[in-house]
Amino acid sequence: MITCKDILKLNLDGVSLIAGEEGLDNVISWTYLCQTRPYADHMSRGNFALIVVDFVRFDMAELVRTSHELYELGISGLGISVMEDKEDLPLELIVWANEVNLPLFYVRWEGASFVDIDQSIGKLLTADEIKIRKSGDYLYNLLFGYDINQRYIEKISTQFGLDFTRPYRVGIIVVDRTYGVNLETDEHNYEYYANCMNREVEHMECRPVFMKFLNKFVLLFEEKSDKSAEKEIEKVLQKLDSLPRFKGYFKSTCILGPASSNPADFAKSYTQAKNLIPKKDFLPHSRNKKVISASVLGLYKFMFNSGNQGEIFEYCSEKLRPLEEYDHANGTDLVETCWAYYLNGFSVSATADDMFIHRNSLQYRLKKIEELIDFPLDDYTEFLDLINCIYVKRMMFG
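The shown structure was predicted, so the numbers you read here are calculated from the model rather than taken from an experiment.

**Student:** So what exactly am I meant to see when it comes to the confidence of the model for the protein here?
**Tutor:** In low-pLDDT segments, the atomic positions of the prediction should not be examined closely. Mean pLDDT over the protein: 87, with 93% of residues reaching 70 or higher. Mean pLDDT values over the elements of the protein span from 57, in helix α9 (residues 300–304), up to 97, in helix α3 (residues 91–100).

Laid out in structure tokens, this is it:
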């Protein structure tokens, strides 16, 4: 992906970095010339912003205010040109850019123009997009091609340094998004998130092949006995989702299919991972994990494939009937309360926080649950059976 560091590598005449060196790895989505407010209506996260101090629309005081505003909107870097180089940039701006690790470039008035910068960045982004598409095409054909012959396998293994004598896994990264009022801005921000993810993936030690497919991201990587690749994916997604520009807007989960050393089975690995996507929020502890394997089904996968689904469903429905009937009649969430109480380690305070309700309200629900199921919640054998019934019904029938 294209970063602020690539602007330095262009060696454009009169363009120099004066602050924010620690942020040179910030990914650039496009360029944005600041002219009219409100900037939020026109700018997307990751834009490299450009400002001309003309002493009409922008004086030095307005430059400082705008720089802070643009930073809050998620710019990746900032280029400033002062008309005829009349004044030096304010020291407070330089100090601030260093503090927040925002790359700050000065563009000399007689040097490169903003058009030069815009076109140069555009060419870099276009070339990078072609490279990403090529990688994605290889992976797409490997997963969904009708004729994956040995010649093609040798070609892709040579292209990306893959060794198919070893087991590989397919992972699907699913992104949960929070939408705003401007759908166009939402899509730009999502593209920027995808670009940042792509950069992180490119630098992973496990060197996965990566593609964006149907609003999901698909990885193919070598399986290691120490699970180092899974740990690295977990770390990357945790880092990405915790960044200030993404936190609260995007939340990613990677679902892994089974490993195989036969490329013909990679499509099956993808399918098994895909089938788990609707279930990911039902899996125990999935809220706190970024990587979920199909293996988490454990012994349940044998029940789902054993041909006795009707009998299992009947048992679970009978077990949950008092709670489900009460929820249906009263519009309550007693079944969900049981599930949350279990996931939060039987902690009243943690469960109340998780469900956004008051402790007293939760205590009332727990007492009502005990009345309906006719056993105390500290009877862990009975309660675990109840939880298993919730889990099985959700996994089998959504």
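More follows now that the structure is in view.
**Student:** How should I be thinking about the sheet that holds strand β3 (residues 47–53) in this particular structure?
**Tutor:** Through backbone hydrogen bonds, the strands of a sheet pair up, either in parallel or in antiparallel fashion. Judged by pairing direction, the sheet is mixed, and its five strands sit side by side in the order β1-β5-β4-β3-β2 without closing on themselves. Each edge of the sheet is formed by a strand with only one pairing partner; in this case those strands are β1 (15–19) and β2 (30–33). For this sheet, the mean angle separating the axes of adjacent strands, direction not counted, is 25 degrees. As judged from the four bridges shared by β2 and β3, these two strands associate in the parallel manner. Residue pairing across strands places T31 opposite F48, the latter belonging to β3.

**Student:** Looking at this model, I keep getting lost on the sheet that holds strand β8 (residues 216–222). Mind explaining?
**Tutor:** Spatially, the five strands line up as an open sheet ordered β7-β8-β6-β9-β10, and their pairing is mixed. The strands lining the two open edges of the sheet, one partner per strand, are β7 (209–213) and β10 (291–293). Put simply, the sheet's adjacent strands are angled 25 degrees from each other on average, direction ignored. In the sheet, β7 pairs with β8 via five bridges, with the strands oriented antiparallel. Counterpart to V209 in the pairing with β8 is L220.

**Student:** Hey, could you run me through the packing of aromatic side chains in this one?
**Tutor:** The relative placement of two aromatic rings is captured by the distance of their centres and the angle of their planes. The full count for this structure, using the stated rule, is 24 aromatic pairs. Between Y193 and F250, the aromatic rings sit 4.5 Å apart at their centres with planes inclined by 20 degrees, giving stacked as the arrangement. In this pair, Y193 sits in helix α6 (residues 183–202) while F250 sits in strand β9 (residues 250–256), placing the two residues 57 residues apart along the sequence. Note on F250: relative accessible area 8%, which makes it buried. Grouped by ring-pair contacts, the aromatic residues Y190, Y192, Y193, F210, F217, F246 and F250 constitute a single cluster.

**Student:** Where do I start with the packing of helix α4 (residues 114–144) against helix α5 (residues 150–160) in this structure?
**Tutor:** The N-to-C vectors of α4 and α5 enclose an angle of 145 degrees; their axes lie 11 Å apart at closest approach. In terms of crossing hand, the pair formed by α4 and α5 is left-handed. Residues K134, S135, D137, Y138, L139, N141 and L142 of α4 form the contact with α5, whose own contacting residues are Y152, K155, I156, Q159 and F160. The residue makeup of the contact of α4 with α5, split by class, is six nonpolar, three polar and three charged.

**Student:** What am I meant to see in the side chain of S81 here?
**Tutor:** By secondary structure assignment, the location of S81 is in strand β4 (residues 77–82). Judged by its relative accessible area of 5%, S81 is buried.

**Student:** Looking at this structure, how should I read the nonpolar core?
**Tutor:** Soluble globular proteins tend to bury their nonpolar side chains together. In this structure, F164 and L220 are the most contacted members of the largest nonpolar core, which totals 56 residues. When residues of this core are assigned to their parent elements, the largest contribution, nine residues, is made by helix α14 (residues 380–397). Apart from residues lying up to four places away in sequence, F164 is in contact with L142, I153, I156, S157, L220, S261, P263 and F266. With 27 residues, the next largest nonpolar core counts Y192, M204, L240 and F250 among its residues.

**Student:** What is the right way to read the layout of surface pockets from this model?
**Tutor:** Sizing a probe to match a water molecule and rolling it over the atoms shows the empty space that remains. A volume near 700 Å³ is recorded for the largest pocket. If you go around the largest pocket, you meet 29 residues; those closest to its centre are M1, E129, I132, E191 and N195. Mapped by element, the contributors of at least two residues to the lining of the largest pocket are β2, α4, α6 and β7. Considering every element that reaches the lining of the largest pocket, the biggest residue donor is α4, with nine residues. Among the residues making up the lining of the largest pocket, the classes are represented as twelve nonpolar, ten polar and seven charged. Roughly 580 Å³ of internal volume is contained in the second largest pocket. Around the second largest pocket sit 22 residues that line it, and N26, N101, L243, P244 and R245 are the ones nearest its centre. At three residues, the largest contribution of residues to the lining of the second largest pocket is made by α6.

Each value, and the rule that gives it
Residues numbered from 1 in each chain as written. Predicted model: local features only at pLDDT ≥ 70, side-chain atom pairs only at ≥ 80, totals over all residues. Heavy atoms only, no water. pLDDT = per-residue confidence, 0-100. Helix = DSSP H or I, 4+ residues; strand = E, 2+ residues; numbered from the N terminus. Pairing = 2+ DSSP bridges. Axes fitted to C-alpha atoms, helices over the stretch in contact; angles between N-to-C directions. Phe/Tyr/Trp six-rings, centres within 6.5 Å; stacked < 30°, edge-to-face > 60°. Buried < 20%, exposed > 50% of the residue type's maximum accessible area, 1.4 Å probe, protein only. Left-handed = near helix turned anticlockwise from the far one by under 90°. Contact = heavy atoms within 4.5 Å. Nonpolar A, V, L, I, M, F, W, Y, C, P; charged D, E, K, R; others polar. Core = buried A, V, L, I, M, F, W, Y, C linked by side-chain atoms within 4.5 Å. 1 Å grid on protein atoms, 1.4 Å probe; cavity = no way out; pocket = protein on both sides within 12 Å on 5 of 7 lines; lining within 4 Å. Points joined across faces, edges and corners; volume = space filled by probe spheres on them.

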